[in-house]
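This is what each chain is made of:
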Amino acid sequence: MQVTLPDGKKLETPSGSTVLDAVKQIGPGLANAALAAKVNGVPVDLSHIVSEDVTLEVLTFRQAEGREVFWHSSTHLMAQATQELFPEIQLTIGPPIEEGFYYDFEKAEPFTTEDLEKIESRMAELVKANLSVARREVSRDEAIALFEELNEPYKLEMIEELGPEETISLYEQGDFVDLCRGPHLSATGKIKSFKLLSVAGAYWRGDEKNKMLQRIYGVSYPDRKQLKEYLGRIEEAEKRDHRKLGKQLGLFMFHPFAPASPFFFPKGATVYNILVDYVRDQYKKYGYDEVITPLIYEAGLWKISGHYDHFWEEMFTIEADEREYAPKPMNCPSHCVMFDAGHHSYRDLPVRYADFARLHRYERSGVTAGLMRVRSFCQDDAHIFCRPDQIQDEISGFMDMLSRTYTMLGFTDVHICMSTRPEQRAGTDEIWDRAEETLANALDALEIEYKVMPGEGAFYGPKVDVFVNDALRRPWQLGTCQLDFNLPEQFELEYIKEDGTSARPAMIHRAMLGSLERFLGVYIEHCAGAFPIWLAPVQVVVIGITDQQTEYISQIVARLDQAGIRVEADTRNEKIGYKIREAEVQKVPYMLVVGAREEEASQVAVRQRGSGDQGTTELDDFIRQVEDEVSEVLSPASA
RNA sequence: GCCACGAUAGCUCAGCUGGUAGAGCAAUUCAUUCGUAAUGAAUAGGUCGUCGGUUCGAGUCCGACUCGUGGCUCCA
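From a predicted model like this one, the values you see are computed outputs, not experimental measurements.

Visitor: Explain the layout of surface pockets here, please?
Guide: Regions of empty space are outlined by a rolling probe, equal in size to a water molecule, passed over the atoms. Taken as a whole, the largest pocket encloses approximately 1,700 Å³ of empty space. Within this model, the second largest pocket holds a volume of roughly 1,000 Å³. Forming the walls of the second largest pocket are 38 residues, and the residues nearest its centre are H72, S169, C180, R181 and G182. With 5 residues, helix α3 (residues 64-85) is the single largest residue contributor to the lining of the second largest pocket. Per-class residue counts for the lining of the second largest pocket are 18 nonpolar, 9 polar and 11 charged. Taken together, domain 1 (2-60) and domain 2 (69-237) each give at least three residues to the lining of the second largest pocket, which thus spans both.

Structure representation (structure tokens):
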């Protein structure tokens, strides 16, 4: 038989030989590294028998699919060890994840740290025993009988959900048997290095109405070195934690009197305001108009907008004058009220209302996280009211602003999702059909790649969300663009058409950075607290060598200040090394070191963050250099 | 909200099986006037998250609460 490899090379193999036999023909090194393979594009075990001419792709730990197999087998190994130690538990699911694996067990008592250690050592024994892993295909009745006998109700539930056309396969290693599609490693001995990381409660099928299961997370690698590398990566990522850096750099704090609501210190507020200034600048270019709106509204508004029916549980509420009020969780109703206050000709559209109002959402305790998910925040929010024929231009205008900005910020790992109608929603299916189709068309026209997330849309409309990862590679939604035909309907918004009749405008909710709080959290982790010069709360610190330079330093500070550079002086009675260290730790982009020599020559010695002494220069030249660096980022020549 | 874990000086943390709290850094004062990532000494600083219980005695054990951290469909 003929086996075709990805590079087009062809092998001749005797009939009845396995995938592994074929891989051995390619080379012993590859045969050793092989974890599984793809035959005609379908992932299979190495023991899979080849009975016709096929294409073959070997999967090792280098391929994502190879790692999946490795981690999937690792979680089986963990399940086997766990079941041996705790025979009373029941198996549910155990998939590989982006980095590692987990398994959910039903168990009355949660696992303890000691339990994890026991499971780890049992796993090590099973690795040493090098049990071979065997696939067995069975009939539905056989599978049901087996898992009934084993008392595995979750497995029975899963078998019942499998379609009649699907092959039911079991994987066995020693006394352990699990329902699994596979493929798997050929033996437990390949899992050389692993670590169980944490235990967590997790609901069956992720639904909190279901029973809570006990989840164990772990990682594993073919060798010890890669595990060490992984643990090192996690440690590095923890150093970038925005909560840690926020404290170290004096940017923000939290207090139990305002749970999950950040307080920004002057340095944090400086960064925050520079971001707002940047967005305002973009608004000038892209034709937005800023408005200022109330924070607290009577319940009547929320009844019209639909928040009362769909969102009330997640809002803070206030009783006053024997009436119900709530601080706003979103700006859209405010803007609808403003749009509705006057007549609009088709000529006036689009109307683009931008608003930096503070928003409040009652996020359930347990879901808040640093700056990433807070109860008090503001967005670079705006609502566009436009004619149906303007929708596509408006969306592409926004996406243009967004992609330029993200490029400027250095976000490279960005992914985009389109979320469609949720179960709980306002508006008719007709309206939703139209909104989803228009949004998809706009994205397709821009040739933007995106993933569809069914059921994840806002209650008033479908949305496109832009995600960026934090230091631990967890994705967070920043930008968003939501098309909405519902709120204009609810608020009965109108504009006058050319022919004098009235029509309903479409509404686009959009935010580029999203919540500024969350954006800052992600961005701090992105730059590890070392803000680029345009955003640094302190751009320059002037450091004196002795107190003889204090007078000269105050002249320097005055000139930098005049040039609009954010500057601080450090004239404390400390050694130069100490003051430099502090400025480096605070991640100030530039230090100007000034001693008797510089004062004599009316110069400054420039030190750059991270790269050390840059030599002496005239102050005016330095000021020009900083100004150039800032404008280079904010208005790149290519734009 | 649910599961697990945590909370000790401004910060980072130590404090074994219950016997009345400790370090480094920061702060303050003094000395030092120094050339590119930590000068030295002295001083001051804590209702051990809050409330309650067990005990002769609680930072330590138990319970409740508050706040925080990780997790709660990347589907056999």
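Now, onward.
Visitor: Looking at this structure, how should I read the pairing of strand β3 (residues 36-39)?
Guide: On a regular strand, each side chain points to the face opposite its neighbour's, so the side chains alternate between the two faces of the sheet. Neither face of β3 is left uncovered, since the one carrying A36 and K38 and the one carrying A37 and V39 both have all their residues buried. Pairing between β3 and strand β5 (residues 54-59): 4 bridges, direction antiparallel. Directly across from K38, in β5, lies its bridge partner E57. Direction of pairing for β3 relative to strand β4 (residues 42-44): antiparallel, over a ladder of 3 bridges. Paired with V39 across the bridge in β4 is V42. Joining the antiparallel neighbours β3 and β4 is a turn of 2 residues, in which N40 adopts a positive phi near 50°.

Visitor: Would you explain the protein's contact with RNA strand B in this entry?
Guide: Taken together, 57 residues are adjacent to RNA strand B, and L179, S365, N573, R581 and E598 come closest. Counting only atoms of RNA strand B within 4 Å of the protein, the fraction found in sugar and phosphate groups is 48%. Between RNA strand B and R243, the relevant distance is 3.1 Å, taken from a phosphate oxygen to a side-chain nitrogen or oxygen of the residue. Here R581 contributes a side-chain N or O atom positioned 2.6 Å from a base nitrogen of RNA strand B. If you list the elements that add at least two residues to the surface near RNA strand B, you get β7 (96-97), α6 (153-161), β12 (193-203), β13 (212-221), α8 (242-248), α18 (576-585), α19 (596-601) and β33 (604-608). Looking at the surface near RNA strand B, the element that brings in the most residues is α18, giving 6 residues. Here the residues of the surface near RNA strand B sort into 25 nonpolar, 13 polar and 19 charged.

Visitor: Please clarify how the nonpolar core should be interpreted in this entry.
Guide: Most often, soluble globular proteins have nonpolar side chains that are buried together. Counting 83 residues, the largest nonpolar core has F531, V542, L560 and L592 as its most contacted members. The greatest single-element share of this core, amounting to 9 residues, is contributed by helix α13 (residues 391-409). Setting aside residues up to four positions removed in sequence, L560 forms contacts with V540, V542, I565, V567, L592, L619, F622 and I623. Ranked by size, the runner-up nonpolar core spans 33 residues in total, among them L35, F101, F111 and Y230.

Visitor: In this structure, what is going on with unusual backbone geometry? I would like to understand it.
Guide: Glycine aside, residues mostly have negative phi angles, and peptide bonds mostly take the trans form. A cis geometry characterises the amide bond from G182 onward to P183, with omega recorded as 0°. Checked against the element boundaries, P183 lands in the loop between β11 (176-179) and β12. For the bond running from L349 to P350, omega is 0°, close enough to zero to count as cis. Structurally, P350 is set in the loop between α12 (332-340) and β20 (351-355). The phi angle at N130 is positive, at roughly 50°, despite the residue not being glycine. Examined against the element boundaries, N130 turns out to sit in the loop between α4 (113-129) and β9 (133-138). Accessibility expressed as a relative area gives 42% for N130, which makes it partly exposed. Even without being a glycine, E492 presents a positive backbone phi close to 50°. As for its placement among the helices and strands, E492 is situated in the loop between α15 (486-490) and β27 (495-496). With a relative accessible area of 57%, E492 lands in the exposed category.

Visitor: What's the story with the packing of aromatic side chains in this structure? I'm lost.
Guide: Aromatic ring pairs are described here by two measures, namely the spacing of the ring centres and the angle between the planes. All chains considered together, the criterion is met by 28 aromatic pairs. Their ring planes at 70° and their centres at 6.0 Å tell us that F411 and F519 sit as a pair that is edge-to-face. Taken together, the residues F411 in the loop between α13 and β23 (414-419) and F519 in helix α16 (residues 516-527) connect sequence positions 108 residues apart. With respect to class, F411 is no different from F519; both count as buried. Through pairs of rings, three or more aromatic residues link up here, namely F61, F70, W71, Y221 and Y230. Seen from the ring of Y308, K303 lies directly overhead, with NZ or CZ sitting 4.8 Å from the centre. A cation over a ring is seen here: R434 above F485, with NZ or CZ 4.2 Å from the ring centre.

Visitor: For this particular structure, what's the right way to read the packing of α13 against helix α14 (residues 429-445)?
Guide: When two helices pack together, you describe them by how their axes are tilted relative to each other and by the distance separating the axes. Two elements in contact, α13 and α14, have axes separated by 10 Å at closest approach and are oriented at 55°. As summarised for this structure, α13 and α14 are arranged oblique, according to the angle between their axes. As for how α13 packs across α14, the hand of that crossing is right-handed. On the side of α13, the interface is formed by I391, Q392 and I395, while α14 contributes T438, L439, N441, A442 and A445. In terms of residue class, the contact of α13 with α14 is made up of 5 nonpolar, 3 polar and no charged.

Visitor: Would you mind showing me how to read the sheet that holds β9 here?
Guide: Strand pairs in the sheet, formed through backbone hydrogen bonds, run parallel or antiparallel to each other. Here 3 strands make up an open sheet; going across it, the order is β9-β10-β11 and the pairing antiparallel. Of all strands in the sheet, those bounded by a partner on one side alone are β9 and β11. The sheet shows a mean angle of 25° between the axes of neighbouring strands, taken without regard to direction. Pairing of strand β10 (residues 168-173) with β11, which is carried by 4 bridges, proceeds in the antiparallel orientation. Along β11, the bridge assignment pairs Q173 with F176.

Here is what the cut-offs are and how they apply
Residues numbered from 1 in each chain as written. Chains lettered and ligands numbered in written order. Predicted model: local features only at pLDDT ≥ 70, side-chain atom pairs only at ≥ 80, totals over all residues. Heavy atoms only, no water. 1 Å grid on protein atoms, 1.4 Å probe; cavity = no way out; pocket = protein on both sides within 12 Å on 5 of 7 lines; lining within 4 Å. Points joined across faces, edges and corners; volume = space filled by probe spheres on them. Helix = DSSP H or I, 4+ residues; strand = E, 2+ residues; numbered from the N terminus. Nonpolar A, V, L, I, M, F, W, Y, C, P; charged D, E, K, R; others polar. Domains from an automatic or database assignment. Buried < 20%, exposed > 50% of the residue type's maximum accessible area, 1.4 Å probe, protein only. Pairing = 2+ DSSP bridges. Near = heavy atom within 4 Å. Polar contact = N/O pair within 3.5 Å; in protein donor to acceptor, adjacent residues only side chain to side chain. Core = buried A, V, L, I, M, F, W, Y, C linked by side-chain atoms within 4.5 Å. Contact = heavy atoms within 4.5 Å. Phe/Tyr/Trp six-rings, centres within 6.5 Å; stacked < 30°, edge-to-face > 60°. Lys NZ or Arg CZ within 6 Å of the ring centre and 35° of its normal. Axes fitted to C-alpha atoms, helices over the stretch in contact; angles between N-to-C directions. Parallel < 35°, antiparallel > 145°, perpendicular 65-115°, else oblique. Left-handed = near helix turned anticlockwise from the far one by under 90°.

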